[in-house]
4 protein chains.
Amino acid sequence: MATRTRIGILGASGYTGAELLRILLTHPRADVVLLTADRKANREMREIYPQFSPYPLPALVTIESVDWMAAGVDFVFCALPHGTTQTVIKRLMGEAPAIRVVDLSADFRLCDVDAYARWYGHDHLAPDLQGQAVYGLVEVYRRDIKQAHLVANPGCYTTCAELPLIPLIKNRAIDTDEIVIDAKSGMTGAGRSAREAMIFSEVSEGFHAYGVGHHRHMAELDQEFSRAAGKPVTVSFTPHLLPINRGILSTIYVRGRRGRTAEDLHALLVKAYAKEPFVHVLPFGETPQTRHVRGSNMTVIGVVADRLAGRAIIVSALDNLTKGASGQAVQNMNVMLGFPETLGLTQVAMFP
Amino acid sequence: MATRTRIGILGASGYTGAELLRILLTHPRADVVLLTADRKANREMREIYPQFSPYPLPALVTIESVDWMAAGVDFVFCALPHGTTQTVIKRLMGEAPAIRVVDLSADFRLCDVDAYARWYGHDHLAPDLQGQAVYGLVEVYRRDIKQAHLVANPGCYTTCAELPLIPLIKNRAIDTDEIVIDAKSGMTGAGRSAREAMIFSEVSEGFHAYGVGHHRHMAELDQEFSRAAGKPVTVSFTPHLLPINRGILSTIYVRGRRGRTAEDLHALLVKAYAKEPFVHVLPFGETPQTRHVRGSNMTVIGVVADRLAGRAIIVSALDNLTKGASGQAVQNMNVMLGFPETLGLTQVAMFP
Amino acid sequence: MATRTRIGILGASGYTGAELLRILLTHPRADVVLLTADRKANREMREIYPQFSPYPLPALVTIESVDWMAAGVDFVFCALPHGTTQTVIKRLMGEAPAIRVVDLSADFRLCDVDAYARWYGHDHLAPDLQGQAVYGLVEVYRRDIKQAHLVANPGCYTTCAELPLIPLIKNRAIDTDEIVIDAKSGMTGAGRSAREAMIFSEVSEGFHAYGVGHHRHMAELDQEFSRAAGKPVTVSFTPHLLPINRGILSTIYVRGRRGRTAEDLHALLVKAYAKEPFVHVLPFGETPQTRHVRGSNMTVIGVVADRLAGRAIIVSALDNLTKGASGQAVQNMNVMLGFPETLGLTQVAMFP
Amino acid sequence: MATRTRIGILGASGYTGAELLRILLTHPRADVVLLTADRKANREMREIYPQFSPYPLPALVTIESVDWMAAGVDFVFCALPHGTTQTVIKRLMGEAPAIRVVDLSADFRLCDVDAYARWYGHDHLAPDLQGQAVYGLVEVYRRDIKQAHLVANPGCYTTCAELPLIPLIKNRAIDTDEIVIDAKSGMTGAGRSAREAMIFSEVSEGFHAYGVGHHRHMAELDQEFSRAAGKPVTVSFTPHLLPINRGILSTIYVRGRRGRTAEDLHALLVKAYAKEPFVHVLPFGETPQTRHVRGSNMTVIGVVADRLAGRAIIVSALDNLTKGASGQAVQNMNVMLGFPETLGLTQVAMFP
């Protein structure tokens, strides 16, 4: 019988922590043996998330209390808030170099520690580790991820924009100087730490843009699009908040290069993702809905001709907690450990 | 390797049809080989429910076009609207007596065909079959279900009220002459056939009771509570419509018999469901939320002492599409076919 | 031309403060001249609630900074959190006895300061003022309110239950020993101070009961029902949280006394509220929806016969921020100042 | 005392009909004396919209049954579905030329009857009347509207895009060859005629684009932007469906012409709308939310610098039923009848 991997989840009380657990509890090769949650330490997971009541799970502990050599952990998912992660992973990888890590925060996503300092307002606290970190967009960096010890799981907004755009940019199929990404996300992307703007009555029955002109996800987009283009690329990106729990939909406005039509762009994406289990390109002219990826690890992409000649509209959708966070993290783990990439990730989207 | 059962879903374009498919696509012993949808015949499932795009599935056909002897089907889920089902199943079981059936409609739930005629306003169209039908509340009728050829899957409201109340009534622990069930359901319980009252703007940002004083689920409650009591029982039942997709929560007001306290009632339920995989009784004083059963086959029950002496408040919650319909239907199939009862039904509730 | 009343709103940054302002900005006899919000002092109202951008309004100040004699205020609405109100009003009424006050908190609702201490866990801080406070349920205490200097505006849940029940209890038309009130409220009832349980993702797409068996509104219900009955009355009351912003709906289960039928109870309510502008009794057998009172000061009541002989189901609905709080507060002001009772309160419910 | 205008609403059972009534019931110069609703004729408005129960209103009649000369009507709002309107208004204006009309449908919005035929797939049925019709965007055509007998009330999406863009185009401040309008609307924009795609469970907890590449509102945008530019202008426009009732938010991507910065564009809009009561331009860098215009007749506009040099992001928000339909219709009536333009339209946005 196949051996099972012993897994630790750091930050299990947040939404991405709960989503990791939801996925891993039915993963055939994973045993969750460690759960941390600093502010909720010494409590049971069922008190924090009653849906886990029927499952026997380890009690929550603080990260500080973990002795990594003695913890009996093979693999760690780090689902901590941005900022605290660098220190935690530095200690972990220092004490127990055999443990492999997928980090769901933004702490290791930017290769350039100077860019990190510029966007996040403070120095990177583990610049040496940054050099080892692999950006975990499986469809692009699968080969590197296999060997990686530390994978930086991409952001939710960025995954939703990078999957449709990177193949187009790499193939020089679109102009890179005027890409407009109008992105809309559900509320779980904001996490579980209460602030006034997150109250139900401030979010339901309404809609708004935020971070217009300046949003940290831009740094990650710049990096990946510039890598794909082989030259600096800056895009226009505007996030909006949807009164829903799960789902990101990005409407992307592009111009084909050298006469490429919307159909050409579509054909290129169809080809690029023909064998990918978690990217589905719709027939030309169709566009996706977030509800049809709810709870699944799928990204769905549609391409339509714009009425402005030479331009195309690309719409992509994913579940920000699954492919946009915890599902992609498990996909990364599967690749790192040599498991079939879809293991534990076959759940069908839940609609209605 | 274990053989797989070839399954047909009649009425695949409705919500319970889609939920059956969501569950069965990851069920290790089931192959869906037949899908019917009369008004949407000759279309692909992916056009009706885009979330199934990644899966190879048979095209939709009309029921009339099915030759049951040649269909290669072992097992049928019938997810048709109330009323048309009796005729369809009569033909099916007449033509292909080996096929076993779980019917999700109300057509075979009432043992008494006179009661059926009274509540539904027309004669039962298959009274002989009614005699063979077993009421599919697994936790109560497991033994009969094993042998059954035709199982009448219970209603969503009724499952949510019967699971907490039947053990209390059977044990003569509560007064049966003044049980008040205040029930609230999400919109998917109303199905997918559009009516003005189902429009988003008529349902969101509001709440109301409906069918006050008269609702067809009462006939089913009367039947099961009277069976459990061994004498006629009539309860007060008021359904309300929640602006959510999935979930039923019932708040039930009862009085303990002969000095039974709320704690006594709780202890009785804990004992009754100690070994049931799909009924979870919370610690005394705690009550469930619908969101913690979303997409799972679990029913969660809580018991609290009322401030009125001698009375208790019982709160039960389930997902109306899963334990309240398609999940329970698969649970019935597992029992009928001798599979482990939880096969394909281990999905953890999706929250948030 | 009629003189205008100069109004102060204490706690203008909360939801009931904003609702007061929404109503008063179109009230023909009111000028809002003072707005306080301790944590948001020195900011403009438009920063806190952008919908007020088009209106010239005084900047927010701290309560402490207000010199009541010099403030130029005739009338004060106190929309502060429970607990801090007693001290604030004590100082205000001490320094400027001419100012009349409607308090929207629970601080002055319980006549019995011992009951207050029991339910709130600390001594009443202004027991002498409590003696002067009038309970502001206009339909019941209109005469006293006219003379009052300090009116305790009723709670939202309590208003919704008291309006249908008090006439029935006063007329000895129902049994008072087994009244069951199953109440459901929108989120704005919880105010604007962020807590984890109030986050959008914790509230949307789900439903649950809370405070089962013990909720502070019970003290207020006990007081008013006992007054109406002329003897102690205790009711069963269970609040639930709806994933909507505005609206309370109460489903109330009662038994007619001495052969009173549901029709008798209905007739009694029709008569009791025939001339009331803000209570509307539906034709027998019809029940209300919260959406049809959204933003209006109306309470709508329906009565239906229960299928249990001798019992009736009463459903009442109101907007918790309007008739359940700020609308009722302005109605109280109108009565206190001798204005027409409906002045500024004629807005039609906003549906859809 | 000022005389009151006797008003008829054709199509009173739709959402824009109900919104007209909500506004007109508190309008000081309007009496609603005629309500039509073909499919719901002979019923009372309170059965269709219970929120109007407290108001005495004429019963619903069919349009066919109305004798326009004898109807005692001075002014008509036509809130009928697109397509049937041309015939209805032709008869009305033929029989009773003194009655003035605001039409809320798209039937008279396109000056060019050939463009109408092209976009709507059939010939215009009242081409002579089209010549008299004035496009009712008050902020642009106020002078013409004063004299008009027939005003074509603008669409909701178009109003939200035209108000921010027309001043910029007129002043040649932006490039007109690559304007991208990413628009998001609440569900009430789809009306009250039930279709599967409008069911609560198909709309809630999700988001999608629709009509990508081709939407009828484009014809109206083309017309108005071309008029403003004095040359043909075609824009990119993508509508999306929000799971909310009311509200449209448009995120508009533009490039400044000849070195105009985002600040320049902002200054231009501030100046253009300085005296308009229903257009509010936020301070530079701020953007609006739909919830802060809910139920009000206000359009709120924000301008932000894009990170792409030379480009700006403009966000505009309005309530699709109010400024996007019925509020704007009443604003048009006020102008046509010489009333103060804000009469009956002063209601403050309802948030929360």
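Since the model is a prediction, treat every value here as computed from it, not as a measurement.

Enquirer: Tell me about the overall build of chain A, and name the residues and values.
Expert: When helices and strands are counted, chain A shows eleven helices and 14 strands. Relative to its length of 352 residues, chain A is compact, with a C-alpha radius of gyration of 20 Å against a globular reference of 20 Å. A buried classification covers 66% of the 352 residues belonging to chain A. The long-range share in chain A, meaning contacts at least 24 apart out of those at least 6 apart in sequence, stands at 72%. Computed over 36 positive and 35 negative side-chain charges, the inter-centroid distance for chain A is 4 Å.

Enquirer: Account for the confidence of the model for chain A, naming residues and giving values.
Expert: Averaged over chain A, the pLDDT score is 96; the fraction of residues at 70 or greater is 100%. Taken over the whole predicted complex, pTM reads 0.97, whereas the ipTM for its chain interfaces reads 0.97.

Enquirer: Explain the sheet that holds strand E1 (residues 5-10) of chain A to me, using residue names and the numbers behind them.
Expert: All names here are of chain A. Spatially, the seven strands line up as an open sheet ordered E3-E2-E1-E4-E5-E7-E6, and their pairing is parallel. Of all the strands in the sheet, just strand E3 (60-61) and strand E6 (134-135) have a single pairing partner and so form its edges. Where strand E2 (residues 30-36) and E3 come together, two bridges link them in parallel fashion. For threonine 36, the partnering residue across the bridge sits in E3 and is valine 61.

Enquirer: Any chance you could break down the pairing of strand E14 (residues 311-318) of chain B for me, citing the residues and the numbers?
Expert: Residue and element names in this part refer to chain B. Counting buried residues in E14 gives eight out of eight residues, a clear majority hidden from the surface. Along E14, one buried face is formed by Arg311, Ile313, Val315 and Ala317 and the opposite face, lined by Ala312, Ile314, Ser316 and Leu318, is buried too. Sheet analysis places strand E13 (residues 299-305) next to E14, joined by six bridges and oriented antiparallel. Residue pairing across strands places valine 304 opposite isoleucine 313, the latter belonging to E14. Once E13 ends, the chain turns through five residues before running back antiparallel as E14, passing glycine 310 with a positive phi of about 85 degrees.

Enquirer: Run through the environment of proline 232 of chain A, naming residues and quoting values.
Expert: Inspection of the secondary structure puts proline 232 of chain A in the loop between helix H9 (217-229) and strand E10 (236-241). Residues proline 232 of chain A and threonine 176 of chain A lie 56 residues apart in sequence; the distance between their C-alpha atoms is 9.1 Å.

Enquirer: Tell me about the interface of chain D and chain C, residues and numbers included.
Expert: Between chain D and chain C, the residue contacts involve 34 residues of the former and 34 residues of the latter. Both faces considered, chain D and chain C share a buried interface measuring about 2900 Å² in area, 66% of it formed by carbon and sulfur atoms. Among the residues chain D hides against chain C, the three largest losses belong to Val348, Met350 and Pro352 of chain D. Together they make up 25% of the total. In this structure, the connection of chain D to chain C is made through two salt bridges. If one sorts the elements of the side of chain D that touches chain C by residue count, helix H1 (residues 15-24) of chain D sits on top with three residues. For the side of chain D that touches chain C, the per-class residue count stands at 17 nonpolar, ten polar and seven charged.

Enquirer: A description of the relation of the copies chain A and chain D should follow, citing residues and the corresponding values.
Expert: Expressed as a screw operation, the relation of chain A to chain D combines 0.0 Å of axial shift with a rotation of 180 degrees, fitting to an RMSD of 0.0 Å. In short, the pair behaves as if placed about a two-fold rotation axis. Most of the interface of chain A is mirrored in chain D, where 100% of its interface residues are also at the interface.

Enquirer: I'd like a rundown of the packing of aromatic side chains, residues and numbers included.
Expert: What describes a pair of aromatic rings is the distance from one ring centre to the other and the angle between the planes of the rings. Evaluation of the coordinates by the stated rule reveals 28 aromatic pairs over all chains. Ring geometry for phenylalanine 200 of chain B versus phenylalanine 200 of chain D: centroids 5.5 Å apart, planes at 10 degrees, classification stacked. In this pair, phenylalanine 200 of chain B is assigned in helix H8 (residues 200-203) and phenylalanine 200 of chain D in helix H8 (residues 200-203), connecting two distinct chains. Overall, phenylalanine 200 of chain B belongs to the buried group, its relative accessible area being 2%. When the centroid spacing of 6.3 Å and the interplanar angle of 80 degrees are considered together, the rings of tyrosine 49 of chain C and phenylalanine 52 of chain C count as edge-to-face. Of the residues examined, phenylalanine 52 of chain C reaches a relative accessible area of 1% and is grouped as buried. Three or more aromatic residues joined by ring pairs form one cluster here, namely Tyr49 and Phe52 of chain A together with Phe351 of chain B.

Enquirer: Tell me about the environment of arginine 307 of chain B, and name the residues and values.
Expert: Structurally, arginine 307 of chain B is set in the loop between E13 and E14. When its relative accessible area of 22% is taken as the criterion, arginine 307 of chain B is described as partly exposed. Counting along the chain gives 189 residues from arginine 307 of chain B to arginine 118 of chain B, while the straight-line C-alpha distance between them is 39 Å. Discounting chain neighbours no more than four positions away, the residues touching arginine 307 of chain B are Trp119, Gly213, Met218, Asp222, Thr234 and Val235 of chain C.

Enquirer: So what's going on with helix H7 (residues 156-170) of chain D? Which residues, and what values?
Expert: Residue and element names in this part refer to chain D. The terminal C-alpha atoms of H7 lie 21 Å apart, and with 15 residues this matches the ideal 21 Å at 1.5 Å per residue to within 8%. Its maximal kink placed at glutamate 162, H7 deviates by approximately 40 degrees, while the proline proline 164 follows within four residues. In terms of residue burial, H7 counts as a mostly covered element, since 14 of its 15 residues are buried. Within two residues after H7, arginine 172 carries a phi angle of roughly 50 degrees, on the positive side.

Enquirer: Account for the pattern of salt bridges, with residues named and values stated.
Expert: Under the counting rule described, the total for this entry stands at 94 salt bridges over all chains. Aspartate 74 of chain A serves as the salt-bridge partner of arginine 6 of chain A, at 2.9 Å between the closest nitrogen and oxygen. With a gap of 68 residues between them, arginine 6 of chain A in strand E1 and aspartate 74 of chain A in the loop between E3 and strand E4 (75-78) connect regions that are remote in the sequence. For glutamate 19 of chain A, the salt bridge is made with arginine 246 of chain A, and the minimal N-O distance between the two is 2.6 Å. Separated by 227 residues along the polypeptide, glutamate 19 of chain A in helix H1 (residues 15-24) and arginine 246 of chain A in the loop between E10 and strand E11 (248-255) bring together distant segments of the chain. Classification of glutamate 19 of chain A by relative accessible area gives buried; the value is 1%. Arginine 246 of chain A gets classed as buried once you look at its relative accessible area, which sits at 2%. Three or more residues joined by partner-sharing salt bridges are found here, namely Asp175, Glu178, Arg255 and Arg311 of chain A together with Asp175, Glu178, Arg255 and Arg311 of chain D.

Enquirer: Outline the environment of glycine 191 of chain B, listing residues and values.
Expert: Turning to its location among the elements, glycine 191 of chain B is positioned in the loop between strand E8 (180-185) and H8. Remark: the alpha-carbon pair of glycine 191 of chain B and glycine 14 of chain B, spanning 177 residues in sequence, is separated by 6.5 Å. For glycine 191 of chain B, the contacting residues outside a window of four places in its chain are Tyr15 and Met198 of chain B together with Ile199 of chain D.

Enquirer: Can you explain the sheet that holds strand E14 (residues 311-318) of chain D? Please cite residues and give values.
Expert: Residues and elements named next belong to chain D. With mixed pairing, the seven strands of this open sheet are ordered in space as E9-E10-E8-E11-E14-E13-E12. Two strands in the sheet have a free side with no partner beyond their single neighbour: strand E9 (208-209) and strand E12 (279-281). With two bridges connecting them, E9 and strand E10 (residues 236-241) associate as antiparallel partners. By the bridge assignment for E10, histidine 208 is matched with leucine 241.

Enquirer: Outline empty space enclosed by the protein, listing residues and values.
Expert: Under the defined criterion, the tally for this structure stands at six cavities of 30 Å³ or more. In this structure, the largest cavity spans a volume of roughly 240 Å³. Taken together, 17 residues form the lining of the largest cavity, with Pro243 of chain A, Pro243 of chain B, Phe200 and Pro243 of chain C together with Pro243 of chain D sitting closest to its centre. Partitioned by chemical class, the residues of the lining of the largest cavity number nine nonpolar, four polar and four charged. Taken as a whole, the second largest cavity encloses approximately 70 Å³ of empty space. In the lining of the second largest cavity, the residues fall into four nonpolar, two polar and six charged.

Enquirer: I'd like a description of the relation of the copies chain D and chain C, backed by residues and values.
Expert: Under the fitted operation, chain D is carried onto chain C by 0.0 Å of movement along the axis and a turn of 180 degrees, and the coordinates agree to an RMSD of 0.0 Å. Taken as a fraction of all interface residues of chain D, those also at the interface in chain C reach 100%, which identifies the copy contact as same-surface.

Enquirer: Kindly report on the interface of chain A and chain D, identifying the contributing residues and their values.
Expert: By a widely used convention, the size of an interface equals the accessible area lost when the partners come together. Across the boundary between the two partners, chain A contributes 50 residues, which contact 50 residues of chain D. Taking both partners together, chain A and chain D bury about 4000 Å²; carbon and sulfur atoms supply 53% of that area. Its largest share of buried area at the contact with chain D, chain A owes to Glu205, Phe207 and Arg307 of chain A, together 20% of the area lost on that side. Inspection of the region where chain A meets chain D yields seven salt bridges. A salt bridge links glutamate 178 of chain A to arginine 311 of chain D, with the shortest nitrogen-to-oxygen separation between them at 4.0 Å. Our count for the chain A to chain D interface comes out at 32 residue pairs in polar contact (both at pLDDT 80 or more).

Enquirer: Just give me the short version of the packing of helix H7 (residues 156-170) of chain B against helix H9 (residues 217-229) of chain B, but keep the residues and values in it.
Expert: Any two packed helices are characterised by the angle at which their axes cross and by the distance between the axes. All names here are of chain B. It is at 9 Å that the axes of H7 and H9 come closest, and there the two elements cross at 20 degrees. Viewed along their axes, H7 and H9 adopt a mutual orientation that is roughly parallel. Classified by chirality, the crossing of H9 by H7 is right-handed. Facing H7, whose interface residues are Cys156, Tyr157, Thr158, Ala161, Glu162, Leu165, Ile166, Ile169 and Lys170, H9 presents His217, Glu220, Leu221, Glu224, Phe225, Ala228 and Ala229.

Reading the values: rules and limits
Residues numbered from 1 in each chain as written. Chains lettered and ligands numbered in written order. Predicted model: local features only at pLDDT ≥ 70, side-chain atom pairs only at ≥ 80, totals over all residues. Heavy atoms only, no water. Helix = DSSP H or I, 4+ residues; strand = E, 2+ residues; numbered from the N terminus. Rg over C-alpha atoms; globule rule 2.2 N^0.38 Å. Buried < 20%, exposed > 50% of the residue type's maximum accessible area, 1.4 Å probe, protein only. Contact = heavy atoms within 4.5 Å. Lys, Arg positive; Asp, Glu negative; His and termini not counted. Charge placed at Lys NZ, Arg CZ, Asp CG, Glu CD. pLDDT = per-residue confidence, 0-100. Pairing = 2+ DSSP bridges. Buried area = accessible area lost by both parts, 1.4 Å probe. Salt bridge = Lys/Arg side-chain N within 4 Å of Asp/Glu carboxyl O. Nonpolar A, V, L, I, M, F, W, Y, C, P; charged D, E, K, R; others polar. Least-squares fit on C-alpha atoms with pLDDT ≥ 70 in both. Phe/Tyr/Trp six-rings, centres within 6.5 Å; stacked < 30°, edge-to-face > 60°. Expected span 1.5 Å × (residues − 1). Bend = angle between axes of the 7 residues up to and from the residue. 1 Å grid on protein atoms, 1.4 Å probe; cavity = no way out; pocket = protein on both sides within 12 Å on 5 of 7 lines; lining within 4 Å. Points joined across faces, edges and corners; volume = space filled by probe spheres on them. Polar contact = N/O pair within 3.5 Å; in protein donor to acceptor, adjacent residues only side chain to side chain. Axes fitted to C-alpha atoms, helices over the stretch in contact; angles between N-to-C directions. Parallel < 35°, antiparallel > 145°, perpendicular 65-115°, else oblique. Left-handed = near helix turned anticlockwise from the far one by under 90°.

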